[in-house]
Amino acid sequence: MTNLLKNTGFVILYIMLFILLLFTSLQVVVYNDSYFQWHYTNHGIEESTGMNIDELMIVTDKMMDYLIDKRDSLDMEATVNGQIEEVFGQREKLHMVDVKDLFLSGKLMRDISFLAVLLALIAMYIWKKEWLKSWLRGLGKFFIVAFVVIGLVGGLFASDFNKYFTLFHQIFFSNDLWLLNPKTDILINMVPEIFFFQTTMLIIGLFIISIGLVLAGARLYLSKSRL
């Protein structure tokens with residue numbers, strides 16, 4: 001029974017570490033002004049939105065603040081095609097309510113996972129060092145599974161991004177508010193499909209790098225603990 005509980009706890013901690021690394025990778029990519037500025041500059045977003053880069057960055061900062069609950073609404077004005085006007089329409093705002101819920105849920109999952117993994121590792125280090133070593137030795141096998149899962153997801157998105165991007169929205173959204181019109185909705189022009197494709201690939205790449213760093217740290221600890 002003790003081994004069963006221990007192994008079950010190990011698996012739960014592996015899953016929480018997976019969640020922690022994945023959502024941290026997402027946050028590092030998405031909450032990066034330099035990334036948005038690069039995107040806007042290299043994909044003609046100033047032309048498609050009618051806003052210059054300074055206006056785009058101001059709008060982006062306010063939008064990202066909204067997603068992490070630092071702003072109550074997306075009500076904002078900007079100079080669009082030389083005229084001061086409300087940036088987002090009602091449909092865009094309603095869609096972003098759903099997006100905000102997803103962001104906050106992901107942030108909560110990441111924070112809970114961080115605390116759980118941290119406390120568990122500290123507890124094992126103080127009271128059960130053999131359990132800690134056993135858990136660290138199992139990381140390699142777990143991350144093989146993680147690599148397979150992420151590789152499959154990345155492969156699917158790379159093969160037909162529009163198809164699986166649409167499927168993602170159908171799974172996680174209970175309405176069709178995400179279907180925006182580039183002729184009338186600035187949001188879809190700010191972040192067109194190419195943005196989401198590149199962002200997805202960057203998140204996967206950063207996630208894989210973070211896995212490598214964790215494995216290197218685990219190996220270093222295990223090698224030093226033998227001395």
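Coordinates for the structure precede this section.
Numbering of residues starts from 1 in each chain and follows the order in which that chain's sequence is written. In keeping with the predicted nature of the model, local features appear solely for residues at pLDDT of at least 70, side-chain atom pairs appear and are counted solely at 80 or more, and the whole-chain, interface and lining totals rest on all residues. Hydrogens and waters are ignored; side-chain quantities use all the structure's heavy atoms.

S.K.: For this particular structure, what's the right way to read the nonpolar core?
M.R.: The tendency in soluble globular proteins is for nonpolar side chains to be buried side by side. Here, nonpolar core means buried Ala, Val, Leu, Ile, Met, Phe, Trp, Tyr and Cys residues that are tied together by side-chain atoms lying within 4.5 Å of each other. Burial classification: accessible surface area is computed with a 1.4 Å probe over protein chains only, and a residue below 20% of its type maximum counts as buried, one above 50% as exposed, and the rest as partly exposed. In terms of nonpolar packing, the biggest core is built from 32 residues, with Y40, M51, V59, M63, F88, M96 and M190 touching the most fellow members. The contact definition used throughout considers only heavy atoms, calling two residues in contact when any of these lie within 4.5 Å. Once you skip the residues sitting within four places of it in the chain, Y40 turns out to touch I45, E46, I53, L56, M57, T60 and M190. Formed by 23 residues, the second largest nonpolar core is a distinct cluster that contains L17, F18, L132 and F143.

S.K.: Just to check I follow, could you spell out unusual backbone geometry for this structure?
M.R.: Trans peptide bonds make up the majority, and among non-glycine residues the majority have a negative phi. We note that D69 has phi near 70 degrees; this positive angle belongs to a residue other than glycine. When you line up the elements, D69 lands in the loop between α4 (53-67) and β1 (77-80). Take D69: its relative accessible area is 47%, and that puts it in the partly exposed class. Backbone geometry at N81 places phi at a positive 50 degrees, although glycine is not the residue there. Secondary structure elements are defined from DSSP: runs of H or I of at least 4 residues count as helices, runs of E of at least 2 residues count as strands, and each element is numbered from the N terminus. The topology assignment puts N81 in the loop between β1 and β2 (83-86). Take N81: its relative accessible area is 62%, and that puts it in the exposed class.

S.K.: Please clarify how the pattern of salt bridges should be interpreted in this entry.
M.R.: Close approach of charged atoms allows side chains with opposite charge to pair. A pair is scored as a salt bridge if a Lys or Arg side-chain nitrogen falls within 4 Å of a carboxyl oxygen belonging to Asp or Glu. With the rule as written, the count across this model stands at 7 salt bridges. Between D69 and K100 there is a salt bridge, with its nearest N and O atoms 2.7 Å apart. Of this pair, D69 sits in the loop between α4 and β1 while K100 sits in helix α5 (residues 90-127), placing them 31 residues apart in sequence. Taking the relative accessible area as the measure of exposure, K100 reaches 10% and is therefore buried. D111 is the salt-bridge partner of K107, the closest N and O atoms lying 3.2 Å from each other. In this pair, K107 and D111 are both assigned in helix α5, 4 residues apart and thus about one turn of the helix distant. The partly exposed category is assigned to K107, whose relative accessible area is 36%. Through salt bridges with shared partners, one network takes in D75, E86 and K93.

S.K.: When you look at a nonpolar patch on the surface in this model, what are you seeing that I'm missing?
M.R.: The patch calculation keeps residues exceeding 30% relative accessible area without a salt bridge and links them within 9 Å when they carry like charges or within 5 Å when they are nonpolar (Val, Leu, Ile, Met, Phe, Trp, Tyr). Under the convention used here, a 1.4 Å probe and the Shrake-Rupley method define accessible areas, while residue burial counts only the protein chains that appear. A cluster of nonpolar side chains, F114, L115, L118, L119, I122, Y125, I126 and W127, forms an exposed patch at the surface whose accessible area comes to about 860 Å². Assignment of secondary structure puts L115 in helix α5.

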